[in-house]
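Chain residues, written in single-letter form:
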Amino acid sequence: KKNAAHANAMARKLYEGLQTLPDVQFTQKMESNQLFLTMPRPVIDRLMKSYFFYFWNEAENEIRFVTSFDTTEEDVDEFIGLLKR
């Protein structure tokens, strides 16, 4: 239960950080530690060089991010920082 609460809190932090970016569009409501969103393909391709994640619908550039019990606030901050560059 503690691990799930932490994963969900990190997803919330990631969601809030991603909301500040103009090219990010969420495709599903945030209900757990999974986020579904679209962003420009060049940004996705750049992220895939450093992070592992899945396409949910590649034709639409829809991707899925998942946080876990071992995701740290620093991980989220670093990820958002990379997106802002």
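Scroll up to find the structure.
Residues numbered from 1 in each chain as written. Predicted model: local features only at pLDDT ≥ 70, side-chain atom pairs only at ≥ 80, totals over all residues. Heavy atoms only, no water.

Undergrad: Outline helix H1 (residues 2–19), listing residues and values.
TA: Between its first and last C-alpha, H1 extends 26 Å over 18 residues, near the 26 Å set by a 1.5 Å rise per residue. Residues of H1 that are buried: Ala7, Met10, Ala11, Leu14, Tyr15, Gly17 and Leu18. Axial view of H1: buried residues confined to an arc of 165°, hence all on one face. Where the residues of H1 are buried, they touch strand E1 (25–26), strand E2 (34–38), strand E4 (62–66) and helix H3 (73–84). (Helix = DSSP H or I, 4+ residues; strand = E, 2+ residues; numbered from the N terminus. Expected span 1.5 Å × (residues − 1). Buried < 20%, exposed > 50% of the residue type's maximum accessible area, 1.4 Å probe, protein only. Arc of directions from axis to C-beta. Contact = heavy atoms within 4.5 Å.)

Undergrad: For unusual backbone geometry, give the residues involved together with the corresponding values.
TA: Phi at asparagine 61 is positive, roughly 55°, even though this residue is not glycine. Looking at the secondary structure, you find asparagine 61 in the loop between strand E3 (54–57) and E4.

Undergrad: Lay out the pairing of E2 with the relevant residues and their values.
TA: Across the 5 residues of E2, 4 count as buried, placing the element largely inside the fold. As paired strands, E1 and E2 are joined by 2 bridges and run antiparallel to one another. Bridge pairing links phenylalanine 26 to leucine 37 in E2. As defined by bridge partners, E2 adjoins E4 across 5 bridges and the pair is classed as antiparallel. In the sheet register, leucine 37 faces E4, and the bridge partner there is isoleucine 63. (Pairing = 2+ DSSP bridges.)

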